[in-house]
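Examining the three-dimensional arrangement
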Amino acid sequence: MFDEFYEVVVVGAGHAGCEAAHAAARIGLCTALYTMNADLIAQMSCNPAVGGIAKGHIVREIDALGGLMGKVADEAGIQFRLLNTGRGPAVWSPRAQEDKTQYRIVMRRALEQTPNLYIKQAEVIEILFDGNEIIGVELLDGRRVSSRAVVLTTGTFLNGLIHIGERQFTSGRNGEPASISLANCIRNLGFEWGRLKTGTPPRLDKRSIDYSKFEEQPGDGEPTPFSFSTRRELQNKVCCHIAYTNREIHDTIRRNMARSPLYSGRIQGLGPRYCPSLEDKVVKFADRERHQIILEPEGVDTHEVYVNGMSTSLPIDVQREIISGISGLESAQMIRPGYAIEYDFVQPTEMRNSLETKRFRGLFLAGQINGTTGYEEAAGQGIMAGINAACYVRRSPPLILKRAEAYIGIMIDDLVTKGTNEPYRMFTSRAEFRLNLRIDNADRRLTPVGRAAGLISDEDWGRYELRAARIERFRQSLQAPRRDAGHDYYIGRGVTLHRHPTVASLLRRPEIRLEELIREGLVDSAEMRREDLSAIETEIKYEGYMKQQDREVARIRKAEERSIPSDLDYSSMSGLSREIVEKLSRIRPESIAQASRIPGITPASMSIVLFHIEVQKNRVRSESLRQ
Amino acid sequence: MQEGLHKLIPTDDTIVAISTPPGRSGIGVIRISGCLVERIAGRFLRLSTPLTSKRASLGKWHDEEGTPIDEVVATLFKSPGSYTGEDTLELSAHGNPLILQRIVHSICFAGARIAAPGEFTMRAVLNGKMDLIQAEAVRGFVEAQTLAQARTAMLQMGGTLSRRLAPEKNQLIDILARLEAGIDFAEDDVSVPDNHVVAVELTRIQEKLVEIRATYTFGKILFQGIRLAIVGKPNVGKSSLFNRFVGAERAIVTEIPGTTRDVLSESISLDGIPLRFSDTAGVRQSADPIECIGIQKTMEELSEADLVLVVLDASSPLDAADREILSRIAATTYVTVLNKCDLGVICEPGSDVAAAIKVSAVTGSGMEELRNAIREKVISNGQDSSSGILTTARQAENVTRAVDALKNAVAALNQGVPHEMVLLDIYEGLEQLNVLTGEVLTDDILGRIFSTFCIGK
């Protein structure tokens, strides 16, 4: 009946699919990664960059768990910046410009070097079930592939429809066919599904741009890697450039609004509020005189330049007019036009926290099919779906990251608890315990988790332990009393010191910075990373805030630990409104904490649910005692 | 962002509540449950016999400054042998609302929190005390929740409190959005708000909240009613006036001065506000020991009253006893009443005494004017209840906590603490207001960011 046999099948080799396949294979399961074009594995379909605020956090977390994205982004990176360093270390986040071609090559090499992983070029057209249990997939060429678990990471391919001006055509990604058969198969599975929209800007030819008109945006003098395992020196090979739109361009856009598929009603899917097209910006912020645009090179071996900030689905002639209206781009040649794309997604409330669907055992979803946007968000779900597909096959409990533990945990919890009606992107403000979720401690938070899951090699584990010990030593050195702690230096600055101050006690003073103590030779920072120093300094200086956060973490942990039986009957609970009963029955939260995050659930209804659960539990307990 | 956190009632802190119904009674019971119980008892309770589990001890309760408040009977129930399963302390004090509130205040000062409706029962269930309360508890708890909701809804006049707090909440969300945008969209072309500007805005919100908190003085009156004491020297017709108000021969009226020995009380409704009238024994020097106790009680009643009606005899001139009473009530909110006007008006209270209302309890003349005068005092003393006021101690506590959190935020901004930390305090402030009005927000803040700033590439 089946032609090929695997334990895990991953459909789609984008950023989610690569991590999912790698994770499942690394854990030891025989894994097949299906892609419609094996030359386009890990294609960066939009901007040539990885990371950014909150997204950089996710990349660190993937790396700490044993995933690939951080390592690949470091190797294929051509310009590195650490963002938000003007603030506390909790919101520092790395970002890098990537060489797109190189990124594909490095990722494919990493996958090829992964044991148990088989890359396959074929189109999956159908998912095969036995009852509500996955048994495999069917390919366009007629082969049937047996698999215990399937991870769908279809990106924008499901019924993908590209819009450029008045024209529209089916496509999965620029120049690639859409998945129509698979989309129809998924629509027929009974999931709540919908349409989302995203867009991409035009690409220009570098040689036709007058760069003298733009402000340079260089990389950091000391690049910060994504991966904890990156040892080599990172190098900035390119520069980005900052440009602005102007009033004339906005007028051009307004004049052509009727030709925009976004405003003529041809696009039905909802786009992200935080990644609006240029026409959106002009309409919604009509009083702005200019909008920022950043010219980002797509690689070192190509002349292609990405026009960040100019995502548009206006007709090509209008796109050309807009570009030539920018000083410095007057004679710019357009290599590819911008476009908008609509695609199917499955409402993520259809999933459990493990990313397995509630309807079908063994079917996992990750990436844009779940309504998210961004390479990092996709990869973060990919690694979790891969791990949990492996857990499912091995009949071990799923790995679920908590909100207090990782941005990835927050993202998945948000998705499965609240669903989404626009492409979901991560922000640090989504994290209630932001101070603890830093890039410097991603390894401390997650590497032991990754190790337990079987994703961390002995070599990486050894490195992790060394690093943890080094940081702990440094931390303790700051707590040790010092007779010599630079008395003269402080007395010279009018600071009154108690006898034998510790460096930590000095750091508690707002005016004293660790950086200064290091510069003055009072503290030896040997081998400590900049982000670690900043995190340790902040922990000491703002101890009160850290403790406040810890108390809240403890409070929420209690509520997380109060699990809700999956068969709880909400409709029989007196005191709950019908609307709340309906919501709770549909989402089926796994813990009291998750239930509290469902929009529209009131504090009183939370208490009632908690009360009923405990009463039921007590009743069962006392009955079993009696017997 | 405090995602859903405010919807979860903490289950490991210490809670306190007055468990006897509001108003005066012989004994008022306060119940405390949680891990701080013994520490609180050790701090405020001076005992004649040491506290042992399940044994009542007599002692004195002191406030946080060490001043004795009342004599109490304290009973400690050690975990798990208590109703809630936690350490529990039951205090029986005198049933005087002021005293009970002062005791509760000192307990909150030591780190406890005023309990939500049904919360003691909920803890009992969470701690597996099902054998004690059984299914009865479920109904009781659910009723407490629904009743509390209904009562709050009623007292908040159909969401007027929510509406009143809306501008402050809205401004907080606005500030949160701006600070968050500065962090999350540092790469975009957004302007980072200046610390000083935000501090000024937060201070203004804080001042508003202090104003709103002040409405609790009136809200308490609305919720628990106004205590109105009728005082005067014997035989000026206090009891007749009382009966006029109450509309029944409630007090015994005789010609003999000093007939009323106990404090009688009765409630009527004035524009929906419950008025609790207390007719008191006439104030005079007396040799009769029973009457003496009555007079002492009168003075107590005076100190607790929200409004005092001073009754003078219109038909006889002001004497030393009247002056004595007038001097005692000078510091309270009072209305002067000239009774027995049907017998002619001779009495002149003097210019330093508030204008007197002329009535006759016998004929009923002037009663409408007196009602108006009371109404005026009550309303001018408080606020217009239709603009939303705080009516329970829990609500006042939430607003106080919000004010404290915003104070911390302002101090932190002035010290240049990074925004991601200052935000913790601002979120805490908003969370406290959300507990009051029961609304949620994550997407409010993101929505605000996206509608305020042009973000995205």
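Keep in mind that what you see is a predicted model, and the values were worked out from it rather than measured.

So, on to the overall build of chain B. Along its length, chain B carries 14 helices and 13 strands. Taken over 457 residues, chain B has a buried fraction of 44%. Contacts in chain B between residues at least 24 apart in sequence constitute 67% of all its contacts with a sequence separation of at least 6.

On to the overall build of chain A. Counting its regular elements, chain A contains 20 helices and 22 strands. Along the longest, intermediate and shortest principal axes, the C-alpha atoms of chain A span 85 × 80 × 50 Å. Sorting the 627 residues of chain A into buried and exposed places 54% on the buried side. Excluding contacts between residues fewer than 6 apart, the proportion of contacts in chain A whose partners are at least 24 apart in sequence is 73%.

On to the pairing of strand β5 (residues 68-77) of chain B, then. Residue and element names in this part refer to chain B. Bridge count between strand β4 (residues 56-62) and β5: seven bridges; the pairing is antiparallel. Counterpart to His-62 in the pairing with β5 is Pro-68. Turn length for the β4-β5 hairpin, with the two strands adjacent in sequence and antiparallel, is five residues, and the turn residue Gly-66 shows positive phi of about 90 degrees.

Bringing the sheet that holds strand β4 (residues 49-51) of chain A into the picture now. Residue and element names in this part refer to chain A. Spatial ordering of the open sheet is given by β4-β6-β5, a layout of three strands whose pairing is antiparallel. A strand with exactly one partner marks an edge of an open sheet, and here the two such strands are β4 and β5 (77-83). Across the sheet, the axes of successive neighbouring strands diverge by a mean angle of 20 degrees, strand direction being ignored. Bridge count for β5 against strand β6 (residues 93-98) is six bridges, and the pairing is antiparallel. Paired with Leu-83 across the two strands is Ser-93, which belongs to β6.

Residues and elements named next belong to chain A. If you trace the six strands from one edge of the open sheet to the other, you get β16-β17-β18-β19-β15-β20, paired in antiparallel fashion. Either end of the sheet is taken by a strand with one partner, and the two such strands are β16 (215-217) and β20 (334-336). Strand-to-strand twist across the sheet, computed as the mean angle between neighbouring axes with direction ignored, equals 35 degrees. Across four bridges, the pairing between strand β18 (residues 292-297) and strand β19 (residues 304-308) is antiparallel. For Ile-294, the partnering residue across the bridge sits in β19 and is Asn-308.

Below, the discussion takes up helix α12 (residues 393-414) of chain B. Its 22 residues give α12(B) an end-to-end C-alpha distance of 32 Å, which sits within 8% of 32 Å, the value for a rise of 1.5 Å per residue. Gly416(B) sits one or two residues past α12(B) and shows a positive phi near 75 degrees.

Now for the environment of Ala604(A). Here Ala604(A) lies in helix α20 (residues 603-626). As a C-alpha pair, Ala604(A) and Leu270(A) span 334 residues in sequence and 34 Å in three-dimensional space.

Here Asp413(A) is to be found in helix α10 (residues 407-418). With sequence-adjacent residues up to four places away left out, Asp413(A) is seen in contact with Asn353(A), Arg403(A) and Gln594(A).

Residue Pro80(B) follows Ser79(B) across a cis peptide bond; omega there is 0 degrees. Topologically, Pro80(B) is positioned in the loop between β5 and β6 (88-94). The phi dihedral of Ala42(A) is positive, around 60 degrees, even though this residue is not glycine. Position of Ala42(A) relative to the elements: it lies in the loop between β3 (31-35) and β4. Looking at Ala42(A), the number of C-beta atoms within 10 Å reads 26, which means it is buried. One non-glycine residue with positive phi stands out, namely Lys340(B), at about 65 degrees.

Once that is clear, we can look at the confidence of the model for chain B. Residue and element names in this part refer to chain B. Here chain B averages 78 in pLDDT, while 71% of its residues score no lower than 70. Within chain B, the element-level pLDDT minimum falls on helix α4 (residues 130-155), averaging 55, and the maximum on helix α6 (residues 195-214), averaging 94. This prediction of the complex comes with two scores: 0.84 for pTM and 0.90 for ipTM.

It is worth spelling out α20(A) at this point. The terminal C-alpha atoms of α20(A), which comprises 24 residues, lie 35 Å apart, in line with the 34 Å expected from a rise of 1.5 Å per residue. Restricting attention to buried positions, one finds in α20(A) the residues Pro603(A), Ala604(A), Ser605(A), Met606(A), Ser607(A), Ile608(A), Val609(A), Leu610(A), Phe611(A), His612(A) and Ile613(A).

Now for the packing of helix α6 (residues 247-255) of chain A against helix α8 (residues 316-324) of chain A. Residues and elements named next belong to chain A. Viewed as axis vectors pointing N to C, α6 and α8 meet at an angle of 170 degrees, and their least axial separation amounts to 9 Å. In terms of axis orientation, α6 runs roughly antiparallel to α8. Seen from α6, the contacting residues are Ile-249, Thr-252 and Ile-253; seen from α8, they are Val-318, Glu-321 and Ile-322. Here the residues of the contact of α6 with α8 are counted per class, giving four nonpolar, one polar and one charged.

Before going further, it helps to examine the nonpolar core. One finds Val8(A), Val150(A) and Val151(A) to be the most contacted residues of the largest nonpolar core, which totals 213 residues. Formed by 30 residues, the second largest nonpolar core is a distinct cluster that contains Phe242(B), Val311(B), Tyr334(B) and Ile374(B).

In this section: the environment of Thr332(B). Residue and element names in this part refer to chain B. When you line up the elements, Thr-332 lands in the loop between α10 (320-329) and β12 (334-339). A residue is classified by how many C-beta atoms lie within 10 Å of it, and Thr-332, with 15 of them, is partly exposed. When the C-alpha positions of Thr-332 and Asp-306 are compared, they lie 7.9 Å apart, and in sequence the two are 26 residues distant. Among all residues touching Thr-332, those that are not within four sequence positions of it are Leu-302, Ala-305 and Val-308.

Reading guide: rules and limits
- Residues numbered from 1 in each chain as written.
- Chains lettered and ligands numbered in written order.
- Predicted model: local features only at pLDDT ≥ 70, side-chain atom pairs only at ≥ 80, totals over all residues.
- Helix = DSSP H or I, 4+ residues; strand = E, 2+ residues; numbered from the N terminus.
- Buried ≥ 20, exposed ≤ 12 C-beta atoms within 10 Å, placed from the backbone.
- Contact = placed C-beta atoms within 7 Å.
- Pairing = 2+ DSSP bridges.
- Axes fitted to C-alpha atoms, helices over the stretch in contact; angles between N-to-C directions.
- Expected span 1.5 Å × (residues − 1).
- pLDDT = per-residue confidence, 0-100.
- Parallel < 35°, antiparallel > 145°, perpendicular 65-115°, else oblique.
- Nonpolar A, V, L, I, M, F, W, Y, C, P; charged D, E, K, R; others polar.
- Core = buried A, V, L, I, M, F, W, Y, C linked by C-beta atoms within 7 Å.

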